[in-house]
Protein chains: 2
Amino acid sequence: MASRPTAASDGAPDEAKSSSTKTNVKAPQPSKRQRASTKYKHTFAVHSENRTSCLSSDSTEEPPSFSGFRNLMGLVLVVSNLRLMMENFKKYGVLVTLSGSQIRKGDWTWFGILYLLTPCFLFVAFAIEALAAQYAKSKVADKKRNEEREDKQQVEQSKRHAFLTWRVIAFCHGFNATLMLAIATWVVYFQIHNPGLAAFAQLHAVIVWLKVCSYAFTNRDMRHAYVNVDPAEAALPELYKSCPYPNNITLKNLSYFWWAPTLVYQPVYPSTDRIRWDFVARRAVEFFFLSIVIFVACAQYAVPLLQNSLNDFSNLRLVNLLERILKLSTISLVCWLAGFFALFQSFLNLLAELMYFGDREFYSDWWNCCDLRSYWTSWNKPVTHFMKRHIYAPMVGRGVPPALASLITFLFSGLLHELLVGVPTHNILGVAFFGMVFQIPLIYMTDPLSRMKSRTGRLVGNLTFWLTFCFFGQPVAAIAYFFAWQAKYGTDNRPEWPLQGMGRR
Amino acid sequence: MASRPTAASDGAPDEAKSSSTKTNVKAPQPSKRQRASTKYKHTFAVHSENRTSCLSSDSTEEPPSFSGFRNLMGLVLVVSNLRLMMENFKKYGVLVTLSGSQIRKGDWTWFGILYLLTPCFLFVAFAIEALAAQYAKSKVADKKRNEEREDKQQVEQSKRHAFLTWRVIAFCHGFNATLMLAIATWVVYFQIHNPGLAAFAQLHAVIVWLKVCSYAFTNRDMRHAYVNVDPAEAALPELYKSCPYPNNITLKNLSYFWWAPTLVYQPVYPSTDRIRWDFVARRAVEFFFLSIVIFVACAQYAVPLLQNSLNDFSNLRLVNLLERILKLSTISLVCWLAGFFALFQSFLNLLAELMYFGDREFYSDWWNCCDLRSYWTSWNKPVTHFMKRHIYAPMVGRGVPPALASLITFLFSGLLHELLVGVPTHNILGVAFFGMVFQIPLIYMTDPLSRMKSRTGRLVGNLTFWLTFCFFGQPVAAIAYFFAWQAKYGTDNRPEWPLQGMGRR
């Protein structure tokens with residue numbers, strides 16, 4: 001290298017082009033040519049102007065794009081999780097088994113009974129409503145007759161009678177709905193041991209229960225609007241005109257509501273004109289694969305982790321427990337995101353397509369939210385719609401301050417969460433409920449962030465949301481309920497939880 | 001809940017506002033008011049139009065922003081690495097020690113000698129160049145005299161004499177540079193046992209060696225341009241006009257080059273007009289903290305990992321080794337990024353500010369690059385400038401095809417890498433060299449990607465770059481050299497590598 005300067009000295013570029021240059025030492029006199037400007041290669045001024053480093057804050061240029069680092073982040077996430085999967089495989093081998101056969105036969109029986117029984121209450125509600133519609137029709141006929149006769153006493157009497165009838169009907173609806181939830185909860189809590197099957201049964205029951213409530217509430221209001229023919233009737237949405245009360249009280253209408261991907265009853269829904277079968281197929285495939293992902297993630301990764309954390313939990317080793325919670329957070333996040341997509345995107349869209357159901361807004365972009373309030377109102381639109389229409393709005397309409405109304409709505413939602421988690425795991429711990437209650441101060445704390453226009457405020461809000469939700473909320477609840485389950489059932493070696501034996505000490 | 005419909009039935013909103021509404025059962029007849037439109041709360045049409053889910057591909061709206069998921073990615077990365085740090089702490093405790101005292105005394109002595117000796121060769125190069133400048137001045141005077149006399153024979157003789165002199169001078173420069181590198185390499189390889197100290201000494205020697213080469217090459221060209229007063233002289237950059245050859249051959253000028261954050265000699269550099277001491281302080285703090293981060297990352301995370309992988313390496317357990325490499329990749333990535341920032345942003349900017357050095361473009365946004373060629377030309381601008389000006393451009397200027405020239409440049413760069421890694425670890429394995437050679441096919445493979453305009457092509461290129469560089473290149477090299485080190489020195493329990501005992505079997 002060091003001797004190359006000699007060999008290379010001033011070889012005229014044009015002459016050298018045709019022959020070997022390295023050994024061919026030319027006379028040092030440079031030829032005077034036009035291309036001389038390219039000759040003194042080593043003198044080129046590399047540093048010709050003042051420039052700043054592109055990461056310096058005093059840089060006058062546009063800051064560079066960091067999209068490469070974003071790609072790197074994604075890559076590191078994928079690779080580090082691949083590594084964890086390898087580590088898991090080395091440690092445990094394959095844990096995934098088709099554990100359906102391990103569920104007790106009694107569980108299946110009760111599950112089947114409950115699954116078939118639950119919708120019956122929807123039809124009971126229909127029967128009640130059909131009677132009410134009959135009565136309402138006769139009321140309207142009476143009213144017309146009385147008004148023609150101008151019989152004031154008769155009108156008063158009729159009103160009193162109607163008032164009592166409406167109360168009886170409301171009581172019937174209430175009794176029907178309460179009975180249904182009570183039966184379902186009793187069966188799930190006392191008869192279905194397997195928590196997965198129990199959770200599914202309870203979820204189904206709660207969904208149908210909410211449908212029953214919505215059916216009763218909506219028809220009550222429509223019935224009153226029908227009976228009291230007044231300007232208020234004009235307040236009913238345009239959409240309902242094609243099927244006014246009591247024409248909507250039909251089995252067909254109810255059956256549509258039963259299967260429609262919504263918890264809110266309307267006599268008429270916006271609808272599509274045809275079923276796109278390729279759309280249905282794609283959604284079905286998505287749902288199928290995501291279900292497998294969730295199943296594998298739980299059996300292979302979450303369960304061993306939960307098992308390993310039992311000892312730390314019972315001895316209250318806080319550092320270890322925190323480490324476990326952090327490790328669990330990734331897997332619960334994956335399950336949550338996959339589950340969200342499977343349920344709200346794939347399944348509900350599939351159902352909507354099959355039902356010609358037009359309004360597919362089952363969620364909005366909750367992942368960008370920078371306050372917890374908007375998260376809670378945007379991730380699960382079917383429930384949000386129910387809460388808004390049947391709990392929050394009526395309360396506010398009757399003069400409850402909005403803040404109090406939203407608090408009550410939230411507490412109700414907390415109760416539903418506890419019902420969906422505590423009952424199937426046979427431990428009404430209140431963690432799910434108080435997890436929801438704990439959201440309330442957070443909502444008020446993050447509310448100002450959503451009003452901030454600055455990027456930082458929104459970023460802080462978004463990170464707060466992710467932190468509370470994905471890192472602390474879910475894994476903590478999962479560990480708590482798993483621990484309670486183990487404390488209650490750990491000694492009898494029922495095979496419902498894979499690896500039950502491994503986790504025991 | 002189920003009995004609430006009764007209580008809530010049609011309570012007139014306006015009347016209820018002032019009093020408790022829940023127990024106050026009103027007559028069912030609604031009052032006919034203007035605000036009736038807000039009365040039948042439960043009938044509100046939630047589903048009033050056809051809408052798509054925002055994640056559906058058939059959505060007609062703008063796709064939603066996914067910035068929330070980007071934030072989540074960052075959060076997951078931070079949290080999962082926090083977890084790994086906790087796991088590491090549980091397993092190993094604190095491994096970081098101030099190991100400076102564990103380095104042999106002889107190492108420090110040789111390091112000091114080498115550190116002081118190295119710059120001397122720069123001054124030898126100056127002495128040679130000063131003599132050459134003297135001769136050049138006399139040559140120019142001769143030439144003028146001869147041209148006045150039009151003594152052709154004298155001119156020819158003078159030319160021959162000059163030719164010989166230039167060759168002698170070039171030989172002296174070459175000998176000086178070669179001797180310097182040879183001495184440094186000998187000292188590092190045979191006398192400095194500690195690999196960290198050895199790497200630092202070797203890095204310093206290579207930097208000064210490159211400066212010596214650049215000084216010799218540049219002045220050679222400038223000298224020839226000076227002696228042969230011809231139009232080619234006009235080709236010298238404008239910037240140099242303020243200090244033409246031989247005025248630049250001064251000790252002050254050389255000392256500036258010695259400390260300037262560049263490997264490319266120019267008689268004149270663009271300069272700033274003052275030192276911003278707050279800038280200096282910030283860069284110094286950055287450098288200090290990043291150095292600590294790197295030190296801790298190596299001692300606490302990388303060394304145990306490397307120790308653990310020794311057994312898998314010697315038994316060629318490939319799956320385990322792959323798992324180790326993946327785990328190592330994260331830590332080597334952190335070290336690399338921190339090291340890059342510490343050296344290229346903090347340290348070089350600090351040095352530049354102190355030296356009034358204007359051109360701070362020590363790197364460009366290599367993290368966005370979508371082909372390996374642009375990575376290699378943009379992450380380390382000082383070396384790229386050297387390679388371009390003193391190796392690639394002169395070769396191309398003398399007719400070497402550009403592809404071959406860049407290949408040779410790359411091989412030279414590979415040699416330098418091996419020199420910087422193999423010599424300090426006392427194992428010239430060639431992994432660093434062949435790691436570089438392996439880049440060449442990758443460069444040709446990724447070249448088409450950079451010409452693609454599509455996002456996908458650029459993404460694939462960027463991911464290929466990150467994968468080869470951060471996941472396979474560095475960790476594999478680190479394991480290879482560590483293993484070779486252990487194989488060579490593992491038996492004598494010198495305390496240079498923390499945890500040496502733990503890793504042995």
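Cut-off values and rules
- Residues numbered from 1 in each chain as written.
- Chains lettered and ligands numbered in written order.
- Predicted model: local features only at pLDDT ≥ 70, side-chain atom pairs only at ≥ 80, totals over all residues.
- Heavy atoms only, no water.
- Helix = DSSP H or I, 4+ residues; strand = E, 2+ residues; numbered from the N terminus.
- Buried < 20%, exposed > 50% of the residue type's maximum accessible area, 1.4 Å probe, protein only.
- Contact = heavy atoms within 4.5 Å.
- Phe/Tyr/Trp six-rings, centres within 6.5 Å; stacked < 30°, edge-to-face > 60°.
- Lys NZ or Arg CZ within 6 Å of the ring centre and 35° of its normal.
- UniProt positions renumbered as here; feature names shortened; annotations may be inferred.
- Least-squares fit on C-alpha atoms with pLDDT ≥ 70 in both.
- Buried area = accessible area lost by both parts, 1.4 Å probe.
- Salt bridge = Lys/Arg side-chain N within 4 Å of Asp/Glu carboxyl O.
- Polar contact = N/O pair within 3.5 Å; in protein donor to acceptor, adjacent residues only side chain to side chain.
- Nonpolar A, V, L, I, M, F, W, Y, C, P; charged D, E, K, R; others polar.
- Core = buried A, V, L, I, M, F, W, Y, C linked by side-chain atoms within 4.5 Å.
- pLDDT = per-residue confidence, 0-100.

In this section: the overall build of chain A. From N to C terminus, chain A includes 15 helices and zero strands. Taken over 505 residues, chain A has a buried fraction of 52%. Taking as baseline every contact in chain A between residues at least 6 positions apart, the subset at least 24 positions apart corresponds to 75%.

Counted by the stated rule, this structure contains 83 aromatic pairs over all chains. A ring pair is formed by Phe171(B) and Phe175(B), whose centres lie 6.2 Å apart and whose planes are at 25°; its orientation type is stacked. One end of the pair, Phe171(B), and the other, Phe175(B), are both in helix 5 (residues 152–191), four residues apart, so they sit about a helical turn from each other. For Phe171(B), a relative accessible area of 58% corresponds to the exposed category. The residue whose ring lies beneath Arg276(A) is Phe279(A), and the NZ or CZ to ring-centre distance is 4.3 Å. The ring centre of Tyr444(B) lies 5.6 Å from the NZ or CZ of Arg373(B), which sits over that ring.

It is worth spelling out the UniProt feature "transmembrane region" (unreviewed entry) in chain A at this point. Residues and elements named next belong to chain A. Cross-referencing UniProt, the feature "transmembrane region" (unreviewed entry) maps to residues 108–136, 168–190, 196–217, 284–305, 325–351, 395–416, 428–447 and 459–484 in the present numbering. Summarising residues 284–305: 100% helix, 0% strand, and an end-to-end C-alpha distance of 31 Å. Span residues 459–484 is 100% helix and 0% strand, its end C-alpha atoms 36 Å apart.

Turning next to the relation of the copies chain B and chain A. Overlaying chain B with chain A gives an RMSD of 0.2 Å, the required rotation being 179° about an axis along which the chain moves by 0.1 Å. Here the copies are linked by what is in effect a two-fold axis. Of the interface residues in chain B, 99% have counterparts in chain A that sit at the interface too, so the contact is made through matching surfaces.

Between chain B and chain A, the residue contacts involve 133 residues of the former and 135 residues of the latter. With both sides pooled, the region where chain B packs onto chain A buries about 12600 Å², and carbon together with sulfur makes up 65% of that total. Sorting the residues of chain B by area buried against chain A places His42(B), His47(B) and Arg398(B) first, and these three jointly supply 8% of that buried surface. At the junction of chain B with chain A, the criterion picks out eight salt bridges. Here Glu361(B) and Arg51(A) are joined by a salt bridge, their closest N and O atoms 3.5 Å apart. Taken together, the connections running from chain B to chain A amount to 46 residue pairs in polar contact (both at pLDDT 80 or more). Examining the composition of the side of chain B that touches chain A, we find that 17 residues originate from one element, helix 3 (residues 67–92) of chain B, more than from any other. For the side of chain B that touches chain A, the residue count by class is 66 nonpolar, 39 polar and 28 charged.

Turning our eyes to something else, we now look at the nonpolar core. Membership of the largest hydrophobic core comes to 191 residues, with the highest contact counts inside it found for Trp366(A) and Trp366(B). Dropping the residues within four chain positions of it, Trp366(B) is found in contact with Trp336(B), Leu337(B), Phe340(B), Tyr375(B), Ser378(B), Trp379(B), Phe465(B) and Trp466(B).

Residue and element names in this part refer to chain A. Looking at chain A as a whole, the pLDDT averages 80, with 86% of positions reaching at least 70. Averaged pLDDT values for the elements of chain A fall to 34 in helix 1 (residues 4–8) and rise to 93 in helix 7 (residues 251–259). Low pLDDT, under 50, characterises residues 1–37; the predicted model gives this stretch 54 contacts beyond four residues in sequence or across chains. Listed scores for the predicted complex are pTM 0.70 and ipTM 0.71.

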